[in-house]
Structure formats: structure tokens, C-alpha cells
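# Observations on the model geometry
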Amino acid sequence: AQSVTQPDIHITVSEGASLELRCNYSYGATPYLFWYVQSPGQGLQLLLKYFSGDTLVQGIKGFEAEFKRSQSSFNLRKPSVHWSDAAEYFCAVGSANNAGNMLTFGGGTRLMVKP
Amino acid sequence: GAVVSQHPSRVICKSGTSVKIECRSLDFQATTMFWYRQFPKQSLMLMATSNEGSKATYEQGVEKDKFLINHASLTLSTLTVTSAHPEDSSFYICSARDQGMTGELFFGEGSRLTVL
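Our subject in this report is the structure included herewith. (Residues numbered from 1 in each chain as written. Chains lettered and ligands numbered in written order. Predicted model: local features only at pLDDT ≥ 70, side-chain atom pairs only at ≥ 80, totals over all residues. Heavy atoms only, no water.)

### So, the nonpolar core
The criterion, for reference: Put simply, buried Ala, Val, Leu, Ile, Met, Phe, Trp, Tyr and Cys residues joined by side-chain atoms within 4.5 Å make one nonpolar core. For each residue, the accessible area found with a 1.4 Å probe, counting protein chains only, is set against the maximum for its type, and the residue is called buried under 20%, exposed over 50%, and partly exposed in between. Starting at the N terminus, helices and strands are each numbered in turn, a helix being any DSSP run of H or I of at least four residues and a strand any DSSP run of E of at least two. Throughout, a residue-residue contact means that at least one pair of heavy atoms, one from each residue, lies within 4.5 Å.
The biggest cluster of nonpolar side chains holds 27 residues, and the ones touching the most others in it are Phe67 and Leu113 of chain B. Mapped onto this core, the elements with two or more residues apiece are strand S2 (10-13), strand S3 (19-25), strand S4 (32-38), strand S5 (44-51), strand S7 (67-73), strand S8 (76-81), strand S9 (90-97) and strand S11 (111-115) of chain B. Apart from the residues lying within four places of it in its own chain, the contact partners of Leu113 of chain B are Val11, Cys13, Val19, Val81, Asp88, Ser89, Ser90 and Tyr92 of chain B. Core analysis: the next-biggest nonpolar cluster, separate from the first, contains 26 residues, Val4, Val57, Leu76 and Ala87 of chain A among them.

### So, the state of the cysteines
Counted only if it meets this: Throughout, a disulfide means two cysteine sulfur atoms within 2.5 Å of one another.
Taken as a whole and judged by the stated rule, the model has two disulfides over all chains. What pairs with Cys23 of chain A in a disulfide is Cys91 of chain A, and their sulfur atoms sit 1.9 Å apart. In this structure, the disulfide formed by Cys23 of chain A and Cys91 of chain A twists by about -65 degrees around the S-S bond and is classed as left-handed. Of this pair, Cys23 of chain A sits in the loop between strand S3 (19-21) and strand S4 (24-26) while Cys91 of chain A sits in strand S10 (residues 87-95), and the two are 68 residues apart along the sequence. As far as burial versus exposure is concerned, Cys23 of chain A and Cys91 of chain A are alike and both buried. Of all cysteine sulfurs in the structure, the one in Cys94 of chain B sits closest to Cys13 of chain B, which takes part in no disulfide; the separation is 18 Å. Residue classification places Cys13 of chain B among the buried positions, given a relative accessible area of 9%.

Keep in mind these values describe shape, not function.
Here it is as C-alpha cells:
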């Protein structure tokens with residue numbers, strides 16, 4: 001069975017500082033990996049996804065993530081955080097067998113940004 | 001990008017009543033939609049896969065008679081919470097995959113159900 005772990009429940013960074021949100025997954029085959037952002041009371045917005053190819057993927061809003069198969073990780077990074085980035089971030093894994101349709105989500109990391 | 005819309009965004013109902021939540025793909029067709037449930041400050045848990053023209057597939061532990069799913073058209077899936085109780089209060093989110101795009105799921109904005 002596939003699973004996703006986001007070790008950090010809360011993270012607080014200062015505006016302008018760099019950010020890294022951790023994600024570790026467990027899946028026996030080739031995973032499809034995703035990062036979503038959720039603002040309070042809202043649905044989810046896709047930040048970026050990895051299916052194959054270049055292990056460093058670029059997303060929207062200046063985010064990027066790196067797939068490291070040896071570490072079973074897909075950490076999300078941003079070089080300079082903006083106050084508007086404060087939100088809940090979810091890492092998710094989907095199976096290549098169903099084109100990533102059925103996603104398993106991590107527990108989420110709540111990002112707070114200090115002025 | 002593709003848009004998935006849910007309605008209503010918020011609903012409050014009395015215990016014992018039934019509530020219907022709609023999930024629509026506005027500019028694409030979706031043969032498959034997914035319903036998730038999210039408890040406060042927790043992650044999303046897949047409840048069921050809604051298949052157009054056939055029965056939904058429920059995840060283990062989800063009561064199919066409690067959470068009725070109908071996927072009557074390629075752009076609409078509905079989730080009906082029957083005989084709702086306070087423990088059914090939650091944030092329900094649907095998602096749909098654009099058949100024309102590879103692997104991307106689009107999520108609705110969610111529906112917050114509060115059962116009094």
C-alpha cells in the first residue's frame with residue numbers, strides 16, 4: 001500500500017527566508033508525486049507534480065520539488081517565502097497504474113510566515 | 001486550467017436530515033470523480049471513487065448506504081449524506097481528472113457540512 005509522511009506538522013519561517021517542506025513516500029512501483037496547497041476553507045490547488053524525467057520539477061508561485069528515489073523523498077522548496085504563502089501544504093502519491101488518479105495524501109504541513 | 005465546482009460551499013442541517021453536495025466539472029468531462037473527507041487540521045481521506053454510469057467504489061470503512069454517490073453525467077457527481085449526525089460534520093472535497101490532460105486532478109473548493 002502507498003503512504004506519505006510529512007514529518008513537520010507546523011513550520012514557521014520569516015518572510016523572505018527560504019523554505020523546505022519534507023515529504024517521504026512509500027510505494028513499491030513508480031510513483032506519481034504531487035504537492036498541493038490549501039488555503040483556509042478552500043479546496044486544493046496543484047503546485048507541481050512529478051511523473052518521470054527530470055527529478056527537479058518547477059511549479060507555480062516559485063515552488064520547486066526534487067524527487068530523490070534513493071531517499072523516497074519529494075521535498076518542496078522555495079527560495080524566498082512571501083506572506084501569501086501561509087497555508088496548508090499536502091504531499092500526495094498516486095500510482096502509475098491508474099495515472100495517479102487515486103491519491104494518498106500526507107498529513108499536511110501548516111506553514112506560517114512571520115513578517 | 002480546468003475548474004471543478006462544488007455546491008453548496010457551506011451547509012448546516014439538523015441531525016437526521018439528508019444533505020446533497022454537488023461536484024461539477026465546468027469545462028471538461030470527467031468519467032471519474034473522487035470524494036474526499038477532511039477533518040479539522042487533518043489530511044484528506046479518500047471516501048469513494050465515483051464512476052459515470054455505474055456504481056461508486058467505496059473505500060474500506062466508508063458506509064455506502066450513509067454516503068450515497070451518483071454520477072449521472074460526465075460533468076456531475078453528487079454525494080448525499082443520509083440521516084446526517086454530528087459526527088458527519090466535516091469538509092468534503094471532490095476532485096476530477098481532465099481526460100484530455102495527463103494525470104492532473106482538479107479539486108473543488110470543498111463543502112463544509114455542519115450537523116447540529
